[in-house]
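So the chains spell out like this:
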Amino acid sequence: MRVLLGGDMLRGNFAGSGQYTLNLLRKLSEQPEIADLKILVNGQIRDSTRLLDQVAHSGENRPDQRSPSSLYFQSWLDKLTGNSLFLSLYSAIVPHLERRSFRDYSATDIFHSPNFFAPDFPGKSFITVLDLSTLLHPHLQPASRVTFVNKHIYKAIFSDAKIITISERVKSELLDYFELPSDRVSVTTLGADARYHPIDSNQFDAGHWGRLLDYKKYFLFISTIEPRKNIPRLLEAYRQCRRDWTENYPLVIAGKPGWESKSLLRELRATSPHTGVIYLGYVEQTHLPALLAGARALLYPSLYEGFGLPVLEAMQSGTPVLTSKNTSMADIGGKAVMTVDPTDVQAIAAAISDLAADGLLLKKLRDRGLEQCRTFTWERCVKDTLGAFLSSL
């Protein structure tokens, strides 16, 4: 079997989609059924072995080192992806490069796009639709990105491609929105990297965060700073419940700037210790596991996610989770997470107060989370993905 994997999400800072692509690449390269595996990046084919070697020699679990200049470039690239002119040029140029790259592939070969792009591949195509945020919640993203993403989602749906999603909830949304037959869509849930695991106070204190934070004495939010993440309501809820505490539990916020984040970033950067809020900005992948494992709880009341990888990473780290009800995150966490209405500030505040005061609740959520996370592994994700490939042959 010859497989070509879309690799555009391997550029820049690794969010969930980048981690998904990287782990597909790693695990698919180990499958004996796949005789040839290559990567398609910006319309050009790259050798998968060479790229994985770059990752192995990088301290960041990705194929590029994060120097200040590369972080500046990524910030510039993020801005361009919300620019209609850039997206129009990308849509005009990349298909020509793809057609040249596809000349050596035939009808029996497989292309898998991990992020909704549906190029005109001569063989069998599998397109992962990570979420339907641009269709169901278009106001939470820039209009140019909504138009661009939706164009490719519609192209994938109305092509001969097989569709893959990363949660049962997104599959259900797809079936309802497009009135698709159930067998058209496969689900391959995600996993968490082995670097995410519980640590004790000695390990935490001796590590990167020991001088700044106290073990299990802070709440944590990790994600891109953008409207979909519901950070203003989280901040308001935290301020409400913090007034009644006798012990200080800072709210640590870690994440790179995203769309429509300027005013919120000004507020976050203006915080001081007496406010209880600590904004770290973008945190290197190498430092995230300890930050997550040392937290009292992950507070993740996002308005919408296709999966919600931080929830799984927190459970695997032994960290309790507060997240949003009636979402994929609640589905993944099951009875191992606390859930609230993400639009109800009072409910969020009450749940945070419970996590601050109730040690038995914390232990129950920790134990349940460590059990629940075993259901989700990258090995299972790739096994299900490979099964979808094989069923098409």
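Provided above is the structure to which this section pertains.
## Considerations on the pairing of strand E4 (residues 110-113)
And then number 1: Across the two faces of E4 the burial is the same, with Ile110 and His112 and Phe111 and Ser113 all buried.
And then number 2: In this structure, strand E1 (residues 2-6) lies alongside E4, joined through 3 bridges in parallel fashion. Directly across from Leu4, in E4, lies its bridge partner Phe111.

## A word on helix H15 (residues 359-372)
And then number 1: Taking 1.5 Å as the rise per residue, H15 with 14 residues should run 20 Å; its terminal C-alpha atoms sit 20 Å apart, in good agreement.
And then number 2: Among the residues of H15, those classed as buried are Leu361, Leu362, Leu365 and Gly369. One face of H15 carries all of its buried residues, which in axial projection span an arc of 100 degrees. Facing away from the buried side of H15 by over 90 degrees, the exposed positions are Leu360 and Lys363.
And then number 3: Buried residues belonging to H15 abut helix H12 (309-316), strand E13 (338-340) and helix H14 (345-357).
And then number 4: N-cap assignment for H15: the residue whose side-chain oxygen lies 3.1 Å from the backbone N of Leu360 is Asp358.

## Topic: the packing of aromatic side chains
And then number 1: Scanning the entire structure with this criterion turns up 19 aromatic pairs.
And then number 2: Ring centres 5.5 Å apart and planes at 55 degrees place the aromatic pair Tyr105 and Phe121 in the tilted group. Highlighted residues: Tyr105 in the loop between helix H4 (84-101) and E4 and Phe121 in the loop between E4 and strand E5 (124-128), separated in sequence by 16 residues.
And then number 3: Classification of Phe121 by relative accessible area gives buried; the value is 9%.
And then number 4: Clustering of aromatic rings is evident, with ring pairs tying together Phe102, Tyr105, Phe111 and Phe121.

## Structural notes on the pattern of salt bridges
And then number 1: Scanning all chains against the criterion turns up 17 salt bridges.
And then number 2: With a closest N to O distance of 2.8 Å, Asp331 and Arg169 form a salt bridge. With Asp331 in helix H13 (residues 328-333) and Arg169 in helix H7 (residues 168-178), the pair connects residues that are 162 residues apart, well separated along the chain.
And then number 3: Since its relative accessible area comes to 41%, Asp331 is described here as partly exposed.

## Considerations on the side chain of Asp8
And then number 1: Looking at where Asp8 falls in the secondary structure, it is placed in the loop between E1 and helix H1 (16-28).
And then number 2: By relative accessible area, Asp8 is classed as buried at 14%.
And then number 3: A distance of 2.7 Å separates a polar side-chain atom of Asp8 from the backbone nitrogen of Asn42.

## Quick notes on unusual backbone geometry
And then number 1: We note that Asn42 has phi near 50 degrees; this positive angle belongs to a residue other than glycine.
And then number 2: Summarising the element assignment, Asn42 is placed in the loop between strand E2 (36-41) and strand E3 (44-47).
And then number 3: A relative accessible area of 28% places Asn42 in the partly exposed class.

## Things to note about the sheet that holds strand E9 (residues 251-254)
And then number 1: The 6 strands lie next to each other as E10-E9-E8-E11-E12-E13, forming an open sheet whose pairing is parallel. For this open sheet the edge positions go to strand E10 (277-281) and E13, each flanked by a neighbour on one side alone. Here the strands of the sheet are splayed against their neighbours by 25 degrees on average, with no regard to which way each runs.
And then number 2: With 4 bridges connecting them, E9 and E10 associate as parallel partners. Each bridged residue has a counterpart across the sheet, and for Leu251 the counterpart in E10 is Val277.
And then number 3: Sheet strands in contact with helix H9 (residues 231-242) are strand E8 (219-222), E9, E10 and strand E11 (297-300), and its direction is about 165 degrees off that of E9.
And then number 4: With respect to the sheet, H12 is in contact with E8, E11 and strand E12 (321-324), its orientation differing from that of E11 by roughly 170 degrees.

## Side note on the packing of helix H6 (residues 143-157) against H7
And then number 1: Orientation of H6 relative to H7, taken along the N-to-C sense of each, is 80 degrees, at an axis distance of 13 Å. Our classification of the angle between H6 and H7 gives roughly perpendicular. Contacts from Ile153, Tyr154 and Ile157 of H6 reach H7 at Leu174, Tyr177 and Phe178.
And then number 2: Of the residues belonging to the contact of H6 with H7, the class tally is 6 nonpolar, no polar and no charged.

What counts, and where the lines are drawn
- Residues numbered from 1 in each chain as written.
- Predicted model: local features only at pLDDT ≥ 70, side-chain atom pairs only at ≥ 80, totals over all residues.
- Heavy atoms only, no water.
- Buried < 20%, exposed > 50% of the residue type's maximum accessible area, 1.4 Å probe, protein only.
- Helix = DSSP H or I, 4+ residues; strand = E, 2+ residues; numbered from the N terminus.
- Pairing = 2+ DSSP bridges.
- Expected span 1.5 Å × (residues − 1).
- Arc of directions from axis to C-beta.
- Contact = heavy atoms within 4.5 Å.
- Polar contact = N/O pair within 3.5 Å; in protein donor to acceptor, adjacent residues only side chain to side chain.
- Phe/Tyr/Trp six-rings, centres within 6.5 Å; stacked < 30°, edge-to-face > 60°.
- Salt bridge = Lys/Arg side-chain N within 4 Å of Asp/Glu carboxyl O.
- Axes fitted to C-alpha atoms, helices over the stretch in contact; angles between N-to-C directions.
- Parallel < 35°, antiparallel > 145°, perpendicular 65-115°, else oblique.
- Nonpolar A, V, L, I, M, F, W, Y, C, P; charged D, E, K, R; others polar.

Purely spatial values, then, with no claim about function.
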